Amino acid sequence: MALITKRIKGTQDVLPKESYRWQFIKKVLSDEAKNFGYKEIRTPVFENTKLFERGVGETTDVVQKEMYTFETKGGDMITLRPEGTAGTARAVLENALPNEGLPIKAYYFLSCYRYEKPQSGRLREFHQFGVECFGAENPAADAEVISMLCSIFERLGVKNLSLEINSIGCKECRKNYHEALKVYFEKYKDELCETCLSRLSRNPMRILDCKSPICKKIAEGAPKIIDFLCDDCKEHFEKVKTYLDTNGINYTVNPNIVRGLDYYSKTVFEFVSTDLGAQSTVCGGGRYDGLIEELGGQPLPSLGFGLGLERLLLLLDAQNIEIEKPAPCEIYFASMGDDANKKAFELASVLRTAGVFTEFDIVGRGLRPQMKYADKIGAKYSIVIGDDELQKNKAEIKNMSNGNKYEITLDKEKIISDFLQIKIKDELPSLEVQ
RNA sequence: GUGGGUAUAGCUUAGUUGGUUAAAGCGCCAGUUUGUGGCACUGGAGACCGUCGGUUCGAAUCCGACUAUCCACCCCA
């Protein structure tokens, strides 16, 4: 087939036969968020470009080379959101939510856009579930957010995830740490890869994240951020760990997690899985105490995480975690002739109004193809209507899985109660005996 | 942006050393059953063999370029 155009690179269609998987995880995720006191927030897909430049950070890869930015007809520069935190923070400030009381707890499902080369677990349009908590300085907030993720993964039945945490300190600690890193890496200037060389002057912390074996090896001997944390940050991190310990949450401290978005501070964490391929992070987050101020608000310590929905689904797939399929059609009306088809439509409407999942023929097929269709969609019961049935105002209803047949009225006033009685009789034959 | 793999019906694939109307299974539509699904049988629709160019009497097959897609780097969800 010669289509005039195809799907845009790095995007995916979610088809009717698979959308139930998305609906399932969205339900688990939002239920869990609600249990933790979060309410949904919805913000626009695009924002003023400045928001991301400031919020995410000018030196980050996301801002420098991955944003979908364009000029509107009115001459404004706008950007399709590459992540969810900046827009949420903007909305919180713009709507003066801090005045309504703290903390502000918001969760979201959103589509994000990054101009990257697609590969497994990495798309140009991807979907993310996230939560943001504003106005909570206490380490308990960090632990609470992490424990929420633990219960999410537990409810979903996801195994073999590891939680890695680190503290990257506040602005002050980082200044000293940067200096120490520069001094250290300067010594290996000739061995570092090209990208790391440029990182050296701009943001030496990123070298720690480099995957090139040589840089990795050099990075092993680099000073650790933990040793440069100020007393305040050190204490915060210790307390976070204590909270996790007392909640029985396993973690490993990974001094090399850095997070590529500038707004992070103090606690950062990732949930990673070896079942995912190269893009092993399902979920990443942390604290961003400086962001709100950066965007022009009063200082407001905050934190959150983003969880990649495509990656989560990939993970469920890899671990063969089954998701319950939606309930099939309850009653299928097969009809012969126009009058019977009209009757089927009428009765289907009555049943649907009562909440019974009902279908009838809208294609104009013969009886046999209609029955095949009923079988294909997994209809639980079928009712055939023809001239005889119209005359008697009664028909046979057949249980499609065992072939049991019952008589049912075609009277629209009585069909529902009739059907319910038949259903009870059919599903609980033992009751009839007693 | 840099590598590597792949490209034949909706899906999964076959296609022999280049040779005429490109094949199968599944799926789809229908018939066998003038009023009843699953099984079986029969038939039908559906592919300019990713695109363009080259070699050749002749290309799905050989060569080149491009494009798409997958995987990896980078980065992140």
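Residues numbered from 1 in each chain as written. Chains lettered and ligands numbered in written order. Predicted model: local features only at pLDDT ≥ 70, side-chain atom pairs only at ≥ 80, totals over all residues. Heavy atoms only, no water.

## Here we look at the packing of aromatic side chains
The relative placement of two aromatic rings is captured by the distance of their centres and the angle of their planes. What the rule picks out here adds up to 16 aromatic pairs. Plain terms: the ring middles of Tyr68 and Tyr115 are 5.6 Å apart, the flat faces sit at 75° to each other, and that makes the pair edge-to-face. You can see Tyr68 sitting in strand E3 (residues 68-71) and its partner Tyr115 sitting in the loop between strand E5 (104-113) and strand E6 (125-134), a full 47 residues away along the chain. Feature note: the residues Tyr107, Phe109, Phe129 and Phe305 constitute an aromatic cluster, connected by ring pairs. The ring of Phe109 has Lys26 sitting right over it, with the charged end atom 5.1 Å from the ring centre. Positioned over the ring face of Tyr115 is Arg124, at 3.9 Å from the centre of the ring. (Phe/Tyr/Trp six-rings, centres within 6.5 Å; stacked < 30°, edge-to-face > 60°. Helix = DSSP H or I, 4+ residues; strand = E, 2+ residues; numbered from the N terminus. Lys NZ or Arg CZ within 6 Å of the ring centre and 35° of its normal.)

## Notes on the sheet that holds strand E2 (residues 46-48)
Reading across the sheet, the three strands line up as E2-E4-E3 and stay open at both edges, with antiparallel pairing between neighbours. Of all strands in the sheet, those with a lone pairing partner are E2 and E3, marking the two edges. This sheet shows a mean twist of 30° between the axes of neighbouring strands, independent of strand direction. Two strands pair when backbone bridges link them, and E2 and strand E4 (residues 77-80) are joined in this way by three bridges, in the antiparallel orientation. Following the sheet pairing, Phe46 is matched in E4 by Leu80. (Pairing = 2+ DSSP bridges. Axes fitted to C-alpha atoms, helices over the stretch in contact; angles between N-to-C directions.)

## Remarks on the state of the cysteines
If you walk through the whole model with that rule in mind, you get zero disulfides. The thiol sulfur of Cys230 is not disulfide-bonded, and the nearest other cysteine sulfur, from Cys233, lies at 3.5 Å. Of all cysteine sulfurs, the one in Cys150 lies closest to Cys283, which takes part in no disulfide; the gap is 9.8 Å. You can call Cys283 buried: its relative accessible area is 0%. (Disulfide = S-S within 2.5 Å. Buried < 20%, exposed > 50% of the residue type's maximum accessible area, 1.4 Å probe, protein only.)

## Looking at the pairing of strand E10 (residues 281-287)
With seven of seven residues buried, E10 is to be regarded as a mostly interior element. The pairing of strand E9 (residues 265-273) with E10 spans six bridges and is antiparallel. Note that in E10 the partner of Ser265 across the bridge is Arg287. With five bridges connecting them, E10 and strand E11 (residues 302-308) associate as antiparallel partners. By the bridge assignment for E11, Gly284 is matched with Gly306.

## Re the domain arrangement of chain A
Each assigned domain of chain A is listed with its residue range as follows: domain 1 (19-170 + 230-318) and domain 2 (331-426). Taken over C-alpha atoms, the centre of domain 1 sits 50 Å from the centre of domain 2. (Domains from an automatic or database assignment.)

## Some remarks on the protein's contact with RNA strand B
Among the 48 residues in the neighbourhood of RNA strand B, the closest are listed as Arg114, Arg122, Arg199, Gly260 and Arg368. When atoms of RNA strand B within 4 Å of the protein are split into backbone and base, the sugar-phosphate part holds 50%. Here a sugar or linking oxygen of RNA strand B and a backbone polar atom of Val282 are 2.8 Å apart. A distance of 3.0 Å separates a sugar or linking oxygen of RNA strand B from a polar atom in the backbone of Gly284. Put simply, the parts of the chain that give the surface near RNA strand B at least two residues each are E6, E10, E11, helix H13 (367-376) and helix H14 (387-392). If you tally residues by element for the surface near RNA strand B, the top one is H13, at seven residues. Across the surface near RNA strand B, the residue classes tally to 13 nonpolar, 14 polar and 21 charged. (Near = heavy atom within 4 Å. Polar contact = N/O pair within 3.5 Å; in protein donor to acceptor, adjacent residues only side chain to side chain. Nonpolar A, V, L, I, M, F, W, Y, C, P; charged D, E, K, R; others polar.)

## A few points about the environment of Met77
Here Met77 lies in strand E4. Met77 sits 268 residues away from Phe345 along the chain, and the two C-alpha atoms are 52 Å apart. Apart from the residues lying within four places of it in its own chain, the contact partners of Met77 are Glu47, Asn48, Thr49, Thr69, Phe70 and Glu71. (Contact = heavy atoms within 4.5 Å.)

## A few points about the sheet that holds strand E7 (residues 161-167)
Taken together, eight strands build an open sheet; the order of strands is E1-E5-E6-E11-E10-E9-E7-E8 and the sheet is mixed. On the outer flanks of this sheet lie strand E1 (39-40) and strand E8 (252-253), each paired with one strand and no other. Of the strand pairs in this sheet, E1 and E5 are connected by two bridges, and their pairing is parallel. By the bridge assignment, Lys39 is partnered in E5 with Ala106.

## Let's talk about the side chain of Arg311
Relative to the helices and strands, Arg311 resides in helix H11 (residues 309-318). Buried charge without a salt bridge: Arg311, with Glu116 as the nearest opposite-charge side chain at an N-O distance of 6.6 Å. Only 2.7 Å separates the side chain of Arg311 from the backbone oxygen of Gly121, close enough to count as a polar contact. Every residue in contact with Arg311, bar those within four places of it in the chain, is listed here: Gly121, Arg122, Leu276, Gln279, Thr281 and Val282. (Lys, Arg positive; Asp, Glu negative; His and termini not counted. Salt bridge = Lys/Arg side-chain N within 4 Å of Asp/Glu carboxyl O.)

## Description of the confidence of the model for chain A
In low-pLDDT segments, the atomic positions of the prediction should not be examined closely. When pLDDT is averaged along chain A, the result is 92, and 97% of the positions lie at 70 or above. Scoring the predicted complex yields pTM 0.91 and, for the interface, ipTM 0.89. (pLDDT = per-residue confidence, 0-100.)

## Some words on the nonpolar core
Residues Phe129 and Phe305 are the most contacted members of the largest nonpolar core, which totals 45 residues. Per-element accounting of this core gives the leading share, nine residues, to helix H5 (residues 139-156). (Core = buried A, V, L, I, M, F, W, Y, C linked by side-chain atoms within 4.5 Å.)

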